[in-house]
Amino acid sequence: MKLRQLLFFLTVLLIADGAHSQQPPVALNGVVVETGTNRPLPRVSLELRPVAPAPVPGAPPVPQPPPSAPVTSARYPGLTDENGQFAFRNIPPGRYTLTASKNGFVHSDYGQRGPNGKSMILAVSGGGQLPGIQLFMTPAGAIAGHVYDSNGEPYPYVQMHARRITYPAGQRTLTITGSTYTDDLGAYRIYGLPPGQYLLSAEGETPSQGILPVAASLAPPLPGAVVIQGIGGSMGYTADPANQRKPANRSSNIGNPVYFRTANNDRDALPIDLRPGEDLQGMDITFSITPRVDVTFSGMSNSPNFLLTISPNPITLRGSSPNNMPRAVLPVGSYVVAATGTGVGADASNRALAGYVAFEANPSNPPNINVALNPPVSVLGRIALDGRQDADPDLAKVRIRLRRIPSIPGIPVPTVSTASSGAFVAQIPIEGDYVIEVLELPDSLRDRYLKSESVIHVSGQPLNDVAIVLGARAGQIEGTALGETKVAMSNVTVVLLPDQRNRTDLYKSVTTDASGRFRFEGIVPGQYKLFAWEDVEPDIWYKPEFMRPIEERNKAIAIVEGSRENIDVLVIPLR
Amino acid sequence: MKMLLSALFAVLTTLAPQTLRNSATLEGQVMKMGTSLSMAEVTVELVRSSGVPVEPGVVQLSGGSPSRTFKTGTDGRFRFSDVVPGEYRLYATHSNAYAPAEYGQRSPSGLGMPLVLAAGQSKTGITLTMTQTASISGRVTDGNREPAAFTSMLAFRIVYRQGVRTVEVVQSVLTDDRGEYRLFWLVPGRYYLSAMPIQARPYSLPLSFPSRVGGALYTGTPVIALRASDAGDVFEETYLPMYYPGTLDIRSSKPIMLRAGENLRADFNVGPTATRTLQIAGTIFLSAGQPLPNARLELAPRKPEGHSIVVPTANADANGNFSIRGIVPGSYFLYVTSQGGQPFPAPGTPPPPPGSPEPILMTATIPLDIGLNAQTSDLNNLKIQAVTGANIPWQITFEPRVGSSTTPPTFNVSLVRDPDLAGAPPALLSTRNVRATPGNQAERLLRGVGSGDFRVTISGVPKTGYVKSIRLGSADILKDGLHMAGPVRDELQIVVSDNAGQLDGVVLDFKRQPFSNATIALLPEFNQRAGRLDLFKNSTSNEDGKFHFEGVAPGTYKIFAWEDIPPDDWYDPEVVQPYESQGTSVQIEEVKTKTIEVRVIPTVRSEP
């Protein structure tokens, strides 16, 4: 037998055994309801899982079990009845997470108010009657349709992706949430999707390793089960001799997406708003393979070895000059290539070199891209403390970062430590505008904030006198998040947004505590607005279209040096 | 690359005039099955074959061998000219909506035969017939009639591989959130179907292209899940495959005959697939009573029948204690292996340098019934004694061909388990059983052979030879197998003879015309078949209906020639039984060549 393919996989789900208490076991009751409607949900699978005790400051870290540790049973399966009720009997007191899962719903943890909420630890103490627990589950949605070729014929075996646009630290980022492939009729269905906005794309033939379903709504094999060991084994494969050459065709057509409906890049894609439980049919795409261009690269002769990063959809290539110059076969489109290396020769010996070029991949004129690697530009400066003439020894503990706007994937972001005099030297890899961000402040300077200009422009010439001033007293805001009936709401998201919305370094977000209180510290003086949501997609507040309809709800707050504001905020309800 | 191209060019230039004069031509047409319609956009591929079958019907294509393709137009015609004479395979592939077609094929799922092109020959009028693939779709529900999502749906074939009944998964997909699935690109033919709740199998499975033979073989550890009883007790369960039309017993499963272009609907309820599991626990110790740490335990089903081989495993701890979980009631072999108490090296660890001391190998094979005969509880406190494996020396006597004085070839002797169960550890743990070299008796040793049943295999037997006898003391190992239960004092005495018989034959149809691409199986006499799989031989008739067997051990055989039969099915007595009267008996003697005419067994063309 010819072994054409041997896959080996072994996944053992390990359980950290929680600290067992000697207190008598208790019973735990609760109900699972649908978010918004409060309809009780039957046959929901529950898993109660011990977590390590809360870390005690100064105590040694809790040892983690080795990967080979045996599977233990310190997990408790549960299942809701026809009325959505569940009960765990004989639970040792301790700290637990409680997760609910059901086909057609997004996983939900104890404490979550909606699909985006933070999960909370469930503290089970011995003795007395425990109050009932409530879990909320949001129905998952689906996007379905057909993919056709340019002749209107079904296009089978095309991989389909549903991507969320996320804004980590304010940077627009695409994240694949769900994937599938079209069947022989060109039909697809991506299901188990949490509500939100999606970009849908068709992306060439399905990779040979297959595609995973949406993890956020993966339910156990049959309701009521908790899988503690799964998916282990190997697969030997024999194939039809007539097909033995076919796999070579498989991989070549990946990575040139067509976005719903007809866009060839994500910026022009038509976003799809998927409401909870919505089953969107007829989301059809006409797909064709984008022509590809063979792109060659040159230059970089002053670095024996170098790394190229081609974006968007970053590809990294290693090369060495002059004998191993990389090439890439790219779909037609616009690209940026960034190069980094380590220099040789008199002027560049052992220095980190970098460069970048924007280019078009055009089949009529396959490009040769010449990337020049240049040594970094030195930026010298000093951090001073406003209102003080002397240097503080704790200035040595300050760390700042110089982040280029726009950023270029593959180009390192310099972080800088300062001397106790406050002096610093930064090596800036490429020219451009850089935002100064304060990453770390020692406790003694904790109330300090970046008072001076936050953007510097770096051209080809070294800068010798960048002055950074840390103001004496940053502002603080504290308050309570209030629901519709003015009741304090715990575990909701409160966000502080600067009026200068492009200053992503000034955004702050927290979750309210058990009594609905929140507190922001280290606020740079300026105009701000405060918002709170019962359940909100993380970082979505960086998106102007999301904020525009609610912008006028709340008044601006003026923060000056040393402000101590006490402001309550109304929580925007889930629906 | 550039150098290679110019070298190739030079060869072509030198050979070109001669090649053109002696080249062959091939012409034909691609048709859609059951119609008089020609097929356009078909890729016809002519591939040079090495002629050496790696398994029945499957020919190893020589790597990088000359392959030429032709894309058909609307008339479906293809033509290859200036073909270097030789043996070829001719394939036709279209989109995956069609099964691959091959020259000589007798059914959509059948395999073709080699095409021999002689110098100057012009072969015309070849027809390749393409068949539409089929699909199976349906809806899967759980015990509460709710949609069962993430359920693994498999279309599989039951085949015989080296005489072992094996399940080959042809296609697998997952149900969606509505419990809907669609298995597609299936070549028409006979399939079995199963549903299994996910996390039992890797849930990211690649789709397979339409395939007339082959598929995936799964072996793995069981899924273990926890569930609470109504009383609140937590127990462990696993999931069994549900076979069409709704049975947990694969033997009661109903096969499906899929016709070309058909979409069959099949719904499932996977509620009953959850089953409680048992566990066994115990200690492994040495004869002196001290515990043996780090042994590996594998519990392989004695009669694996399902669509995947589930083997619960465990490693003993430093005190020799073990517990194996996730066991479904049944009959098993428990295999215990140890490298002298040392932990097994992680996969990918380089082998120890030559000359380093070899750990003492210990293996044991223990038959074990678990959860049978109304016994429903776990097995605890098993005491397993590990015994050092035996080292068995072997000796081969070679009988050269009558009238010649050939030097004896280099032989190697090895062991396979009998039965050779999937999931069982290798019969020989040591990797140091190196090839025998003349005069090197030290290496003619089977090392660390533990308890259990084995068959002795010998490589290096000439094509015209056969294994005449294998004896260990008074035991006939060739006939009865090797049964190990303790130390061995004797030497394995093997006789290999280069005087095997031969068989030349022709397959004829009912008009006594030569019948090409028949599948021919040469089986030992009925009462010998079970124990002597090594005597089974098979071949296919060529374009003139002729076939040839060599290296046939003397004895009485029965020969069958089928128009179309799945590869290796003749290992199944139930498949062969109805044809027993249509076989031809033949007596093979040493050295001699027997000539025979065999009547083809036609395929019964009836739909179930």
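Residues numbered from 1 in each chain as written. Chains lettered and ligands numbered in written order. Predicted model: local features only at pLDDT ≥ 70, side-chain atom pairs only at ≥ 80, totals over all residues.

**Considerations on the overall build of chain B**
Thinking step 1. Within chain B, the regular secondary structure consists of three helices and 45 strands.
Thinking step 2. Taken across its 608 residues, chain B has 41% of its residues classed as buried.
Thinking step 3. Restricting to contacts in chain B with at least 6 residues of sequence separation, those with at least 24 account for 76%. (Helix = DSSP H or I, 4+ residues; strand = E, 2+ residues; numbered from the N terminus. Buried ≥ 20, exposed ≤ 12 C-beta atoms within 10 Å, placed from the backbone. Contact = placed C-beta atoms within 7 Å.)

**Quick notes on the overall build of chain A**
Thinking step 1. The secondary structure content of chain A amounts to two helices and 42 strands.
Thinking step 2. Of all 575 residues assigned to chain A, the portion counted as buried reaches 36%.
Thinking step 3. Of the contacts made within chain A by residues no fewer than 6 positions apart, 75% connect residues no fewer than 24 positions apart.

**Quick notes on the sheet that holds strand β5 (residues 77-83) of chain B**
All names here are of chain B.
Thinking step 1. Here three strands make up an open sheet; going across it, the order is β5-β1-β9 and the pairing mixed. The sheet is open, and its two borders are formed by β5 and β9 (122-130), each paired with just one other strand. Within this sheet the neighbouring strands show an average axis-to-axis angle of 20°, counted without direction.
Thinking step 2. Relative to β9, strand β1 (residues 24-32) runs parallel, the two being bridged by seven bridges. (Pairing = 2+ DSSP bridges. Axes fitted to C-alpha atoms, helices over the stretch in contact; angles between N-to-C directions.)

**Comments concerning the pairing of strand β27 (residues 377-385) of chain A**
Residues in a regular strand point their side chains to alternate faces of the sheet.
Residues and elements named next belong to chain A.
Thinking step 1. Bridge count between β27 and strand β30 (residues 423-428): six bridges; the pairing is antiparallel. Counted as the bridge partner of V379 is A426 from β30.
Thinking step 2. Both β27 and strand β34 (residues 463-471) contribute to a ladder of six bridges, which runs parallel. Within β34, the position partnered with G381 by the bridge is V466.

**Some thoughts on the domain arrangement of chain B**
Thinking step 1. Segmenting chain B into domains produces domain 1 (18-130), domain 2 (134-275), domain 3 (282-345 + 358-385), domain 4 (390-497) and domain 5 (501-599).
Thinking step 2. Of the residues belonging to the side of domain 1 of chain B that touches domain 2 of chain B, the class tally is six nonpolar, four polar and no charged. (Domains from an automatic or database assignment. Nonpolar A, V, L, I, M, F, W, Y, C, P; charged D, E, K, R; others polar.)

**Points about the sheet that holds strand β41 (residues 537-540) of chain B**
Residue and element names in this part refer to chain B.
Thinking step 1. The strand order β41-β40-β43-β44 describes an open sheet built from four strands, whose pairing is antiparallel. The outermost strands of the open sheet, each flanked by one partner alone, are β41 and β44 (584-588). Strand-to-strand twist across the sheet, computed as the mean angle between neighbouring axes with direction ignored, equals 25°.
Thinking step 2. Across five bridges, the pairing between strand β43 (residues 555-562) and β44 is antiparallel. Paired with K558 across the bridge in β44 is S585.

**Quick look at unusual backbone geometry**
Thinking step 1. Between S311 of chain A and P312 of chain A the backbone carries a cis peptide bond, its omega angle lying at 0°.
Thinking step 2. Looking at where P312 of chain A falls in the secondary structure, it is placed in the loop between β21 (305-311) and β22 (315-320).
Thinking step 3. In this chain, Y244 of chain B is followed by P245 of chain B through a cis amide linkage whose omega measures 5°.
Thinking step 4. Mapped onto the secondary structure, P245 of chain B falls in the loop between β18 (242-243) and β19 (256-258).
Thinking step 5. With phi around 65°, Y157 of chain A is a residue other than glycine that occupies positive phi space.
Thinking step 6. Within the element layout of this structure, Y157 of chain A appears in the loop between β10 (141-148) and β11 (158-166).
Thinking step 7. Of note in the backbone geometry, D539 of chain A takes a positive phi value of approximately 65° without being a glycine.
Thinking step 8. You can see D539 of chain A is positioned in the loop between β39 (526-533) and α2 (544-547).

**Description of the environment of D509 of chain B**
Residues and elements named next belong to chain B.
Thinking step 1. Turning to its location among the elements, D509 is positioned in the loop between β39 (501-508) and β40 (519-524).
Thinking step 2. Look at D509 and you get partly exposed, because 16 C-beta atoms sit within 10 Å.
Thinking step 3. A sequence separation of 423 residues divides D509 from G86, and the C-alpha atoms of the two residues are 27 Å apart.
Thinking step 4. For D509, the contacting residues outside a window of four places in its chain are F515 and V600.

**Overview of the nonpolar core**
Thinking step 1. The biggest cluster of nonpolar side chains holds 107 residues, and the ones touching the most others in it are A155, L186, Y191 and L297 of chain B.
Thinking step 2. Ignoring anything within four residues of it in the chain, the contact list for A155 of chain B reads I136, V170, Q171, L183, L186, Y191 and L193 of chain B.
Thinking step 3. In terms of nonpolar packing, the next biggest core, distinct from the first, is built from 48 residues, V32, F105, Y157 and Y259 of chain A among them. (Core = buried A, V, L, I, M, F, W, Y, C linked by C-beta atoms within 7 Å.)

**Structural notes on the environment of V226 of chain A**
Thinking step 1. Relative to the helices and strands, V226 of chain A resides in strand β15 (residues 226-237).
Thinking step 2. With 151 residues separating them in the primary sequence, V226 of chain A and R75 of chain A have C-alpha atoms 8.0 Å apart.
Thinking step 3. Those residues in contact with V226 of chain A that lie beyond four places of it in its chain are E47, R75, P77 and P220 of chain A together with A225 and L226 of chain B.

**Topic: the domain arrangement of chain A**
Residue and element names in this part refer to chain A.
Thinking step 1. Domain boundaries in chain A define domain 1 (12-137), domain 2 (140-207 + 254-290), domain 3 (300-371), domain 4 (377-471) and domain 5 (475-572).
Thinking step 2. Here the C-alpha centroids of domain 3 and domain 4 sit 29 Å apart.
Thinking step 3. Listed per partner, the contact involves 10 residues of domain 3 and seven residues of domain 4.
Thinking step 4. Those elements that provide at least two residues to the side of domain 3 that touches domain 4 are β21, β24 (333-342) and β25 (352-361).
Thinking step 5. Counting residues per element, the side of domain 3 that touches domain 4 draws most heavily on β25, which supplies four residues.
Thinking step 6. Residues of the side of domain 3 that touches domain 4, tallied by class, amount to six nonpolar, four polar and no charged.

**Structural notes on the environment of L117 of chain B**
Residue and element names in this part refer to chain B.
Thinking step 1. With respect to the helices and strands, L117 occurs in strand β8 (residues 115-117).
Thinking step 2. L117 sits 398 residues away from F515 along the chain, and the two C-alpha atoms are 19 Å apart.
Thinking step 3. Once residues within four sequence positions are removed from consideration, L117 is found in contact with A24, L26, V83, P85, G86, Y88 and K123.

**Digging into the pairing of strand β23 (residues 278-285) of chain B**
Residue and element names in this part refer to chain B.
Thinking step 1. As paired elements, β23 and strand β27 (residues 321-327) share five bridges and run antiparallel to each other. By the bridge assignment, L278 is partnered in β27 with I327.
Thinking step 2. The sheet contact formed by β23 and strand β30 (residues 379-385) spans five bridges and is parallel. Bridge pairing in β30 links I280 to L379.

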